[in-house]
Amino acid sequence: MIDPYQSHKRRQTIYGWLLLSPALIMLTAFAFYPTIATVWTSLFSRGTRKRPSEFVGLENYRSLFEDPTFWLVVENNLWYAGVTIPASIIIALVMALWANGKIPARSFVRSAYFTPTVLPMIAAGNLWLFFYTPGFGVLDQIGGLFGLPSVNWLGQPDTALWAVCAVTVWKEAGFFMIFYLAALQTIPPDLKEAADIEGASRWTYTWRVVLPLLMPTTLFVLVNAMINSVKLIDHLFILTKGGPSDASMLLLYYIWENAFAFFDAPIAAATTILVLIVLSLVAAVQFRFIDRRTHYR
Amino acid sequence: MTQSAPMTQSAAAPQSIAMTLSGRIEALLALILAVVWTSPLLFAIWAAFHASTDAVNFNLTSPWILTNFATAWAGAPWLLYFFNSFLLVTSVLIGQFILTTLAGFAFAQIEFRGKDIVFLLVLMQLFILPEVLIVENYAVAARLGLLDSILGIGAPYMASAFGIFLMRQAFKSVPKELDEAARIEGCSLLGVLWRVYVPAARPTYLAYALVSVATHWNNFLWPLIVTNSDETRPLTVGLSIFGAPENGVDISIISAATLMVIAPLLIMFVLFQRQFVQAFLRAGIK
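Source: prediction; values computed, not measured.

Could you clarify how one ought to interpret the overall build of chain A in this entry?
When you go through chain A residue by residue, the secondary structure sums to 13 helices and 0 strands. Starting at the N terminus, the α and β elements of chain A follow one another as α-α-α-α-α-α-α-α-α-α-α-α-α. Overall, chain A is about 80 × 70 × 30 Å in size when its C-alpha atoms are taken along their principal axes. Residues classed as buried in chain A amount to 53% of the 297 residues present. Summing over all exposed atoms, chain A offers an accessible surface of approximately 14100 Å²; the carbon and sulfur share of this is 67%. On chain A, the mean spot of the 21 positive side-chain charges and the mean spot of the 18 negative ones are 10 Å from each other.

This is the structure:
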C-alpha cells in the first residue's frame, strides 16, 4: 500500500517540474548556457585561418586591461552612468511633484513628460539629430540668435558623450516619473494638513516628509537606472557610432563592435563577463532592496 | 487623463499651491519643461511636413507638404517592416504568455522539491540581460538555425524572468477557495489553471502585454544582429538602415520616416494613455 501523502507529494513534484520545463529549457538556451559559454569563449584566442583558436587562460583579460581604448570606454560608461542616473532621477522627481500638483493643463504636462518613454531609441536618435546637426540644427540656430558660434555637438570629443547623455535622460525621466507619481498618490493628505497646521513651509514638507516616504521608490528607480546605463545604447548607432575617436563609446556598443564588426568574439566575451560582474553587484543592491520592501508591508 | 480619487484629495489641500506666487512660477516652469520635452517631436513634425530647405530655415510661411512621406514610403519596404514588427511582438507575446503562465503557476501554487533554488536561478535572468549576452546568444541562435528569422529575434525573450515573477505574484493573490471549489468540481490541474487562475489574473496579463509590446516594438540591438534581410527586419532596424548617413537622406525625409514608424505606438498611447501608465506601474511595482 502506498502512503497517499507520499504519492501526492511525488505527483506535485512531477507536475511542478513539468510546468517549469518549457521556461527552463528556454532560459537554459538563452541565459544560463550562453553565460557559461561566454566565460569559456573568453579563455580562448581568436582563431584565424592560419592559427586555430587555442586556450590562452586570462590572456584576453590581460590584453583588455592593457588596452587604453578599453579604459576609455569604461571611463565613458562611468560618466554616462554618473550623469544619466542622478539627472534622470532628479528630473523625474521634479516632474512628479509638478504633475501631482494643481497646475493648469495637467494632463498635457503628464503626457508630454511620458511620451518619450513609448518611442524607440532609434527614433529618439533621429529626432535629436535635428537638434544637434551643426549649422542648421535647432541648437545651433538658437545659439545663433544669441550670437554664439556653431557647435558640432556630435562631431567633437568634448561634447559627443554629453549629447548622448541628454537623449538618454530625455527618454528615461518620464518613465521614472510614473513611479514617483504613483508613490506620491499613496501619501495620505492628512500629513500635508498636519504640516500646514504646524506652519511648515512647502519646502520643509517636501524635504522632510515627502522625500523620505519616496525612498523605496527611489531605490527601485535607481536599480532600473543603473541597468539602463548599461543597456540603453541604441541611439549611438544613429548619433555618433561611438565616435569621434571613441569619445562616446559605451561598453555594450564596444561589445557589439568587437563581436560583429571586428569579429573578435573572445575580446567581446571577456568584456561581457566584466559587465555581468558589475550587473551582479547591482543585483545585490536589488535583493537588499526587496528585503527592505517586505518590511514596509 | 482622468483623475483617480486619491489624487484629487491630495491636490485639494487647504492652501492650493496654484494660488501662491511661487505656485504660479512652478506651474509656469512645469509647462516650459513640458514644451521642452515635446520639442524634439514637434520639430520632427515641422520638418516632416516641409521641404528640407524651408524646414531648417524655419520659414514659417512656407507651404505644408506631404511629399516627404511619399518619398520616405517609397524608399524602403515599410509595409514589410511593419508586418515583421507585428509578427515579432505577437509571437513574443504568445510565447511569453504560455511560458510565464506555466512557470508562474508552478512557483505560486505547487509545492515541490528544489523550488526555491530554481526560483533564484530564474531571478538571475533579471540581471543577466539578453542584451548583454549577444555574443553567445548569436552562437546559440546560429546552432538552432534561428538566424534571420522572426522566431530568432523573439526566442531569447520568451522565458522572461520578469514575466514569471509577475505571474507568480498575480497567481499568489488568487483566493484558495476558488481553487478548491474548482478541484471539487473535478477540474484537472491544468483545468484549474485555465478556468480559475488565468481569468483572475487578467489585469496582470493586460499590463504585461502592453509593456511587452512596447518593449519589443522598440527593441533594436538584438534584431539588428540576428536579421540580415528585409524579409525579417523589424521597423527599428529598417529605420536605422533607411536613415544611415551613407544613404544621404535629408532631415525632412528622415523625420517623415521616423513619424511613420512611431505613429502606431503614439496613437495607441493617446488612446490607451491611462492603461499604458497603469501597465508600466503594475509591471514595475509588483
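Help me understand the confidence of the model for chain B in this model?
Interpreting fine coordinate detail is not advised for predicted regions of low pLDDT. Of the residues in chain B, 90% have a pLDDT of 70 or more, and the chain-wide mean is 84. Across residues 1-15 of chain B, confidence stays below pLDDT 50; counting only partners more than four residues off in sequence or on other chains, it has 23 contacts.

I tried to follow the interface of chain A and chain B on my own but got confused; where do I start?
Interfaces are often sized by the accessible area lost when the parts come together. Taken together, the contacts link 94 residues of chain A with 92 residues of chain B. Both sides of the chain A and chain B interface together cover about 8800 Å² of buried area, and 78% of this is carbon and sulfur. Per-residue buried area on chain A facing chain B is highest for Leu-19, Phe-30 and Phe-130 of chain A; these three make up 9% of the total on that side. There are 0 salt bridges connecting chain A and chain B. Put simply, chain A and chain B have 8 residue pairs in polar contact (both at pLDDT 80 or more) between them. Sort the elements by how many residues they give to the side of chain A that touches chain B and helix 1 (residues 4-41) of chain A lands first, with 22 residues.

Whenever I open this one, a nonpolar patch on the surface confuses me. Can you help?
Residues and elements named next belong to chain B. A surface patch of nonpolar side chains, amounting to about 570 Å² of accessible area, comprises Leu-21, Ile-25, Leu-28, Leu-29, Ile-32 and Val-36. With respect to the helices and strands, the residue Val-36 is situated in helix 2 (residues 21-48). On the basis of relative accessible area, Val-36 is assigned to the partly exposed category, the value being 43%.

In this structure, what is going on with the packing of aromatic side chains? I would like to understand it.
Each pair of aromatic rings is reported with the distance of its centres and the angle of its planes. All names here are of chain A. Applying the stated criterion across every chain yields a total of 36 aromatic pairs over all chains. Between the aromatic rings of Phe-175 and Phe-179, the centroid separation amounts to 5.2 Å while the plane-to-plane angle is 85°, which identifies the pairing as edge-to-face. Of this pair, Phe-175 and Phe-179 both sit in helix 7 (residues 157-185), 4 residues apart, roughly one helical turn. The same class applies to Phe-175 and to Phe-179, which are both buried. Note that Lys-192 overlies the ring of Tyr-205, its terminal NZ or CZ placed 4.9 Å from the centroid.

Can you help me understand the packing of helix 2 of chain B against helix 15 (residues 251-271) of chain B in this one?
A pair of packed helices is characterised by two quantities: the angle between their axes and the separation of those axes. All names here are of chain B. At a closest axis distance of 8 Å, the pairing of helix 2 and helix 15 adopts a crossing angle of 125°. One element, helix 2, and the other, helix 15, form an angle in the oblique class. For the element pair helix 2 and helix 15, the recorded crossing hand is left-handed. Contacts from Leu-41, Ala-44, Ile-45, Ala-47 and Ala-48 in helix 2 reach Ser-252, Ser-255, Ala-256, Leu-259, Ile-262 and Leu-266 in helix 15. Broken down by class, the residue content of the contact of helix 2 with helix 15 amounts to 9 nonpolar, 2 polar and no charged.

What is the right way to read unusual backbone geometry from this model?
Both trends apply: most residues other than glycine have a negative phi, and most peptide bonds are in trans. Residue and element names in this part refer to chain A. One non-glycine residue with positive phi stands out, namely Ser-245, at about 40°. One can find Ser-245 in the loop between helix 11 (234-239) and helix 12 (251-261). Overall, the relative accessible area of 62% leaves Ser-245 in the exposed class. Even without glycine at this site, Asp-246 takes up a positive phi of about 65°. Looking at where Asp-246 falls in the secondary structure, it is placed in the loop between helix 11 and helix 12.

What's the story with the pattern of salt bridges in this structure? I'm lost.
Side-chain pairing between opposite charges can occur once the charged atoms of the two side chains come close. One pass over the full model with this rule turns up 7 salt bridges over all chains. We note a salt bridge from Arg-233 of chain B to Asp-230 of chain B, for which the minimum N-O separation is 2.9 Å. On the basis of relative accessibility, which here comes to 27%, the residue Asp-230 of chain B falls in the partly exposed class. Residues joined by salt bridges that share partners form a network here, namely Glu-59, Arg-62 and Glu-66 of chain A.

Could you clarify how one ought to interpret the domain arrangement of chain B in this entry?
Residues and elements named next belong to chain B. When the domains of chain B are assigned, the result is domain 1 (17-71) and domain 2 (77-285). On the side of domain 2, 10 residues touch domain 1, which itself brings 13 residues to the contact. Between domain 1 and domain 2 lies a buried interface of about 860 Å² when both sides are counted; carbon and sulfur atoms form 79% of it. Across the domain 1-domain 2 interface, the total number found is 2 residue pairs in polar contact (both at pLDDT 80 or more). Listed by contribution, the elements that provide at least two residues to the side of domain 1 that touches domain 2 are helix 2, helix 3 (52-57) and helix 4 (67-74). For the side of domain 1 that touches domain 2, the per-class residue count stands at 9 nonpolar, 4 polar and no charged.

Procedures and definitions
Residues numbered from 1 in each chain as written. Chains lettered and ligands numbered in written order. Predicted model: local features only at pLDDT ≥ 70, side-chain atom pairs only at ≥ 80, totals over all residues. Heavy atoms only, no water. Helix = DSSP H or I, 4+ residues; strand = E, 2+ residues; numbered from the N terminus. Buried < 20%, exposed > 50% of the residue type's maximum accessible area, 1.4 Å probe, protein only. Areas by Shrake-Rupley, 256 points an atom, 1.4 Å probe, with all protein chains shown as cover. Lys, Arg positive; Asp, Glu negative; His and termini not counted. Charge placed at Lys NZ, Arg CZ, Asp CG, Glu CD. pLDDT = per-residue confidence, 0-100. Contact = heavy atoms within 4.5 Å. Buried area = accessible area lost by both parts, 1.4 Å probe. Salt bridge = Lys/Arg side-chain N within 4 Å of Asp/Glu carboxyl O. Polar contact = N/O pair within 3.5 Å; in protein donor to acceptor, adjacent residues only side chain to side chain. Patch = residues over 30% accessible without salt bridge, like charges linked within 9 Å, V, L, I, M, F, W, Y side chains within 5 Å. Phe/Tyr/Trp six-rings, centres within 6.5 Å; stacked < 30°, edge-to-face > 60°. Lys NZ or Arg CZ within 6 Å of the ring centre and 35° of its normal. Axes fitted to C-alpha atoms, helices over the stretch in contact; angles between N-to-C directions. Parallel < 35°, antiparallel > 145°, perpendicular 65-115°, else oblique. Left-handed = near helix turned anticlockwise from the far one by under 90°. Nonpolar A, V, L, I, M, F, W, Y, C, P; charged D, E, K, R; others polar. Domains from an automatic or database assignment.

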